[in-house]
There are 4 protein chains.
Amino acid sequence: MPNRFGKLFSISTWGESHGAGVGVVIDGCPPLLPITAEEIQAELDRRRPGQSDIVTPRKEADAVEILSGVFEEKTTGAPIAMLVRNADQRPEAYDEMREKFRPSHADYAYQAKFGIRDHRGGGRSSARETIGRVAAGAIAKKLLASKSVEIRAFVTRVQDIAMPASDHFPSLAEIEANAVRCPHAATAAAMIERIKEVRAAGDSVGGVIQCRVRGVPAGLGEPVFDRLEADLAKAMLSLPATKGFEIGSGFAGTLLKGSGHNDAWLAGNADGRKEKTRTATNRSGGVQGGISNGQEIYFNVAFKPTATIMLPQQTVDIHGAQTELTGRGRHDACVLPRAVPIVEAMTALVLVDHWMRQNAQSGTFVF
Amino acid sequence: MPNRFGKLFSISTWGESHGAGVGVVIDGCPPLLPITAEEIQAELDRRRPGQSDIVTPRKEADAVEILSGVFEEKTTGAPIAMLVRNADQRPEAYDEMREKFRPSHADYAYQAKFGIRDHRGGGRSSARETIGRVAAGAIAKKLLASKSVEIRAFVTRVQDIAMPASDHFPSLAEIEANAVRCPHAATAAAMIERIKEVRAAGDSVGGVIQCRVRGVPAGLGEPVFDRLEADLAKAMLSLPATKGFEIGSGFAGTLLKGSGHNDAWLAGNADGRKEKTRTATNRSGGVQGGISNGQEIYFNVAFKPTATIMLPQQTVDIHGAQTELTGRGRHDACVLPRAVPIVEAMTALVLVDHWMRQNAQSGTFVF
Amino acid sequence: MPNRFGKLFSISTWGESHGAGVGVVIDGCPPLLPITAEEIQAELDRRRPGQSDIVTPRKEADAVEILSGVFEEKTTGAPIAMLVRNADQRPEAYDEMREKFRPSHADYAYQAKFGIRDHRGGGRSSARETIGRVAAGAIAKKLLASKSVEIRAFVTRVQDIAMPASDHFPSLAEIEANAVRCPHAATAAAMIERIKEVRAAGDSVGGVIQCRVRGVPAGLGEPVFDRLEADLAKAMLSLPATKGFEIGSGFAGTLLKGSGHNDAWLAGNADGRKEKTRTATNRSGGVQGGISNGQEIYFNVAFKPTATIMLPQQTVDIHGAQTELTGRGRHDACVLPRAVPIVEAMTALVLVDHWMRQNAQSGTFVF
Amino acid sequence: MPNRFGKLFSISTWGESHGAGVGVVIDGCPPLLPITAEEIQAELDRRRPGQSDIVTPRKEADAVEILSGVFEEKTTGAPIAMLVRNADQRPEAYDEMREKFRPSHADYAYQAKFGIRDHRGGGRSSARETIGRVAAGAIAKKLLASKSVEIRAFVTRVQDIAMPASDHFPSLAEIEANAVRCPHAATAAAMIERIKEVRAAGDSVGGVIQCRVRGVPAGLGEPVFDRLEADLAKAMLSLPATKGFEIGSGFAGTLLKGSGHNDAWLAGNADGRKEKTRTATNRSGGVQGGISNGQEIYFNVAFKPTATIMLPQQTVDIHGAQTELTGRGRHDACVLPRAVPIVEAMTALVLVDHWMRQNAQSGTFVF
C-alpha cells in the first residue's frame, strides 16, 4: 500500500532514479475515455528535466509507453500501466553517497527503515518518482475536463520574492509564459534572476505554489477523515520537499475573528442576478465540513529549499563517523517550476477519486 | 471507508451530536495491552465540554462504555467498541438550522452531498465526532508509552497572542496548568482574557496548536504517498476547523536558502559525547523523505475562528431565499483548548499505525 | 481491517458472545433509504436463537438499537451503528473452557494467535458475531430490492438427506414454511427428524445451503482478483463452520467436457420471443470471467457438523496436558436453519458493494 | 483496487493477452531478500506455454525483466515492478471474436460492464494475466522458504480420472515428474492420455487441483472476515476457470456427524513422544476459527473444462443476432497442468500477507 494513492481511481508508482525506469499503474480508470500517449507526454514535458535554463540539465526525454489498458485509443477499464525508461544515468556521480548520508535528504531515514538503500541519485526517494504521478494525473485531468473542471497551479513565491496577492484565476498561457511558472511577469523575472543567482552560488531556494480549481460541484469530499482538504493536504505533503499546506484563509485566517472570517451565503438571485447560491467571500477555500461547497478551491503548498547544494556540508557516514560532503550530480536549485505540473496532477487525482466515491454512494441507489 | 482512519490500527467513528450517542470501533489493536475505562475516560475528560469557564457549557459527562475487545482488563486483539451516550440534548435549539444554512459550517455542503442532513447541532459534522478519536487515541497513547514515546500538543497562539518561539518540550503539567493549555503562563493569561472578551462580544477566535513528539525511532513512515508528514497532515486537516499544517520549518523555512536550511548530521561521538547520530539543527521536523529520522517531530496546525457566533449573519435557506441567522446553541468561542487532546490523539493514531506497518514489512521476514 | 467487509458498502462488526453485546457499523451506506429498526429486527428474528424446537434454546430477543446514521427514518449517508445487547449469559457454563481447548473449535488457534482469549461462549469466535452481518444485510437487501433483486438461500441437504435437484427459484414462503428452511416439504420433514435424532444423541450434523439470486444485471464483479464469485466465496468461507463453496456447475462440472459444459448464448429474439440475450443453460452460475452475465446466480455452501457436541472428547488443556471435555452450553445440533439468513445477508453485502463499485467506475465519467 | 490482491504484501497486475505485455507491481515486499530474475523465471517456466505436448503451443519465452525494487540482487523494500513482453501474437486469429461472444467466456460480461473490450485473445481476461501472479508468488515462496514453509499443488483429478486419496505430502520431483503434474505416475499417464484424446476431438476437460502446505505455524488468519480459508477461497476463485473450493473435509465432511468429524487434540507428549500439540485427525484442514492451528493445510480447487473448444457453438454477436462460432487460437485442452504453479503462487501470496499481518498486530507492541 505505501506506494499507492487513491481509493477508486488508484495509482501505484514504482521505480528508482537510476534503475531501469519509473512508472505507474492506474487501477479503476473509467472505460471509454479517449487518450493517447501524446496527451500524457505533454504533461510529462512540463516536469521534464532540461526544459529551461533554470532547471536541472539531466537529459531525459521521459518518453512514456502505455503498456496496457488502452485499446484503439480508448481506455478499457483495465489497469493502465505506463513506463518511462531512465536514460541519462551517471551512477558513478553518486559513489560518494553510498557511504555518506546527504543532509536533509532521505538517505539516513531509508537506511534506518530498510537496512538497505539504492543510493544512486536517491533511488526511490528521487523526484523521478513523480513521473508516474504526472502520467496518471494527465488522465485524471482529462476526466475532469469532461466535467469542465480546470486546475491551475503556479508559483506565487520564490524565497522572499512574492507576486501580489490575487484571486485571479490565471490561464495556462499566463503560467507557461515564463520558465518559473509564475503568472505575474514582473515577479517571474525577479524569481528567475534569484534562482540563477543561488544556483551560481551552489545554493538553493524554495517557495510557495498556489493551486486554484474551478468547476468543482458542491458535494465532493467526506465528512470525517477523508475530508477533501485532508486528502489534498496528504497529496501535497506526499510530494518531495514540501513542508506545509494551507487551504483558504490558512494560517493567516487564524488572525481574524469569526465575524470577519465567516463566508456569508448569498442567494443566487441576490442583486437581481440569476445564478447559483454562492458565498460573498471565500475564506473557506471552497471546502466546508470537508466537502466542496461549489466555490473555487484554492490552497498553498510550501516547498523547502532543495536539499542538494554544491557547498561543503557536515554529515556522518554509514559507519557513524563525522565527515564532509559536497553535493554533485545534476539538481534543481529551485524545484518549484517543475513541481507545478506535479501539484496539478495530485490535485486531479484527489478530485477524480472523490468524484467516483460520491457517485458510488449517492448515485447508485437513488431514492 | 469515509469514516475510517488507519491501515492496521484502524478506527471507525460513528454518531451525531443529537442522536443516541457517539462511538468508535478500533480494529487491529494489539492484544494483551492492559487498559481500563478509567484510562480512556481521563483523556475524554480533557476534551469534555464544561471543563472550564472558557469552553462550551454543554453538560456532557461523556462517560465511556467499553463494549467489546477487552477481557479481564486486557485487550484481546478483537475489535474494541466504545460508546458514549449523548445526554444534554436540546434539539429545539436547532430548529432554525433545519431551514437555514449556517455560514462557514458544513450545512450547505452536506445537503448538496447527501440530499439530507441531521441538522440538530450539526449532526455528523459536530465536533462530538472527535470523542471516538480521543477514546481510540487513549489506547494508542498507551501503546506508544510502552515504547517511551511522548506526545505533547499545546496552544502556541490565540488570534495574534503568541507564546515565544521555543523548542522546549513542555511537560503535561505545564500544559494542563491553565484552561487554555498554553505552557507559557503569561501568554496563557492573555489568551484566556482574549477568549473571554470575544465570547462576551458573541464572536470567536482561532489560533495555532503545536505538537511535539519525542522518542520516535528512525524508520517510521513510507517513502512515497504515506509519508509520515503526509499522514500527519491528513490527520490534522481531518479535524474540524483546521485550515493549515506545517512540519518543521514549515512556511517560514521557504525564506531560507538550502545552505541555511539543511540539517547537518553529527556523529554520536561528536564533541566527545557518546550518543546516537543526530542532526545539528532540526528544520526537517524529525522527518526526512517521508520517514522519521530519530529527531524530535514537531508540527503546527492552524484552527480558524469558530464558525458559530452569536451575531446576525447573512445566509440562504434551503429554498434558496436570502435570510438572516443568529447563532444559538452552546459553542466554544475558541476551540483550541479542547482541540489539544484531539491533536494528540490523532498523532498517536498515526504513529501506532506506522509502527505496526514498519514492523510488518521489516520485522516479519528478516534477512 | 480484519473485522471489516466490503470496499464501498463496508461493515465493521464487533462483540463477543458473553460481553456487553454485539454490533456493526456500516460505512458508506447510500443516503435517503427509508429504513426502520423493525425492518432490521425482522431479519434478526430469522437468525435468532429459540425460534423453533430444532435450534439452540439460548434466550435472546436480539433486539436491535440503531445508534446513528438514520434521521427521521431515512439513512443520512453517515455511518449506521447498530447495537444488540447480550442478555441470556451463563458464563459459568463455560468455566471448563478457560482451561481446555474444545476440539475443532477456534480455542487453540485464538490462544496461539493472540496469547489471550475470551473463553466465555467462544468469545469473538461465537456465531453471535453474525448478528452484525444480518443487521447490515437487512439494509443491503432493501437497497437491492429497490433494483428488483431477489436473494433466496435455503437448505438443500442435511447430512445425507437432500432435496431433489432443481433450478426452481423458491419463494420466501416456501422457505419459511418449516423450521429447517428447506423449500421441499417432504425433505424438510426428514431433515427435521434427523436433527432431532442427532441432538437427542448429543451429536450434530452439517449439510449444504444453496443460494439463488435473480435480477442482477450483467456487469457486476471485477475481472481479476475481485471476481464476483471470488468475493462470494470469501463471504461464505468467512462464516463459521463453512468448509466449501461452489458456483454454477461447481465440482460436478469438472466431470463434463467443454462441449457439454459451455453455455450457448441465445439471442433475445430466438424462438420468436422478444427478450434479453440469455444462455441456453446456466452452468456458469450467472458469472463469467468474474462478472455477472445477467443470468441467475446460484452457489452452494458446505457447513460442517457443529463442533460442539454433548459427548466426551479427547483434548489438551492450556498447560499442554491430555484431558477430556464434554460439551456444555446451549448450541445448535445443526446450524443450517439459522445460517440461511446469514448467507443471504453476506450475498446482499457483496452485491451492493459491487453495484456501487461498478457505478463508480463506469457511471461517473461517461463517454 | 480491482486488480490488486493482498493487504500488506500486495500485488497489482496489469496487461492483456495481445497488448505490449503483462506485469505486476509488488508493494510492501520485505527488504533484504536475496532475489534474482532467474529465480522468478524458474517459476514462470512452470506456467509457460509450450512446455510440454499437452499444453498450448503458443510460443512465449515469458522472459521476465525486474524493473525496480531490487538493488544488487536484494529487495530494497521499494515496489518491485516486473515486466513480461508479449511475443507470439496473432491478433488476426481473433478477428471473429470482435463481433461474436464466445460461450462461457468473459466476452459478453466484459462488454456489458465496460462498454468496450480488447477482444484479442481475451484481452484482460486471458490467463496471461496470471504471469504477474506467478512472478510475485516466486518472491512470496522464497520468503516462506526462509520460514521452512513448503507449498505443493498437484493435479488429483482430470475429468473422472482421479488419483487415490492420500495425505502424502508429495515432493516437487514427484509432481514435476510428468507433464500433467500429478504425483501418482499411473494416474498421470491416464490423465495425459485423456487430455490428448479430448484435444484431438477439439474438446476440453477440467478437474481438481489439491494444494498442501506444511510448516505454517498456528496463528495466521483472522477471526472474522479475513479468515485464512476465506482468503484462500477468494484467491482460488479469482483464478480463471475455477468453480469451487473446499478446505479440509470440504463437501464430503458434511456427510459426517460431529462426533466423527471433530479433530481431537493430542498432547505433544502423548504416546511417549515429545513434540508439539497436534490433532489426531485433520478434517479441519489446518484451519480452525479462521486461523491456522499448526497442522497441515490442504484444500481442493475445481477447474471447469476449458471454455475454448474447436467445435461449432451457438452464440450471439454484438448486434444481438444469433450466430455460430468455432474456436480458434491456441489454447489448452486442459488448464490444470499449467494452473499448478498459479495455485501455489496464490497460496504463497495469502500466507505471506497473513504472516505480515500477524506480526504487525501481535509482534509490534508486546506485553
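Look a little higher up for the structure.
Below is a short write-up of the structure. (Residues numbered from 1 in each chain as written. Chains lettered and ligands numbered in written order. Predicted model: local features only at pLDDT ≥ 70, side-chain atom pairs only at ≥ 80, totals over all residues. Heavy atoms only, no water.)

Turning next to the relation of the copies chain B and chain D. Between chain B and chain D, the superposition needs a rotation of 180° and an axial shift of 0.0 Å, giving an RMSD of 0.0 Å. What the rotation and shift describe, once combined, is the action of a two-fold rotation axis. Using C-alpha coordinates, one finds that chain B approaches the rotation axis most closely at B:A360, a distance of 2.3 Å. The fraction of interface residues of chain B whose copies in chain D are also interface residues reaches 100%, indicating that both copies meet through the same surface. (Least-squares fit on C-alpha atoms with pLDDT ≥ 70 in both. Contact = heavy atoms within 4.5 Å.)

Below, the discussion takes up the interface of chain B and chain A. Between chain B and chain A, the residue contacts involve 106 residues of the former and 106 residues of the latter. Buried area between chain B and chain A, summed over both chains or domains, comes out near 8100 Å², and the portion from carbon and sulfur atoms is 60%. Interface area lost by chain B to chain A is led by B:K113, B:F225 and B:K243, which between them contribute 11%. On the surface where chain B and chain A come into contact, there are 4 salt bridges. Across the salt bridge formed by A:D226 and B:K234, the nearest N and O atoms sit 2.7 Å from each other. Counting the contacts that link chain B with chain A gives 43 residue pairs in polar contact (both at pLDDT 80 or more). Across the side of chain B that touches chain A, the residue classes tally to 46 nonpolar, 37 polar and 23 charged. In this structure, strand 11 (residues 242-247) of chain A lies alongside strand 11 (residues 242-247) of chain B, joined through 3 bridges in antiparallel fashion. (Buried area = accessible area lost by both parts, 1.4 Å probe. Salt bridge = Lys/Arg side-chain N within 4 Å of Asp/Glu carboxyl O. Polar contact = N/O pair within 3.5 Å; in protein donor to acceptor, adjacent residues only side chain to side chain. Nonpolar A, V, L, I, M, F, W, Y, C, P; charged D, E, K, R; others polar. Pairing = 2+ DSSP bridges. Helix = DSSP H or I, 4+ residues; strand = E, 2+ residues; numbered from the N terminus.)

This part is about the packing of aromatic side chains. Applying the stated criterion across every chain yields a total of 26 aromatic pairs over all chains. Judged by centre distance (5.8 Å) and plane angle (70°), the ring pair of D:Y110 and D:F114 falls under edge-to-face. Separated by 4 residues within a single helix, D:Y110 and D:F114 lie in helix 3 (residues 107-114), roughly one turn from each other. Taking the relative accessible area as the measure of exposure, D:F114 reaches 5% and is therefore buried. An aromatic cluster of three or more residues is present, and its members are A:F101, A:Y108 and B:W265. If you follow A:K147 out to its NZ or CZ, it ends over the ring of C:F365, 5.6 Å from the centre. (Phe/Tyr/Trp six-rings, centres within 6.5 Å; stacked < 30°, edge-to-face > 60°. Buried < 20%, exposed > 50% of the residue type's maximum accessible area, 1.4 Å probe, protein only. Lys NZ or Arg CZ within 6 Å of the ring centre and 35° of its normal.)

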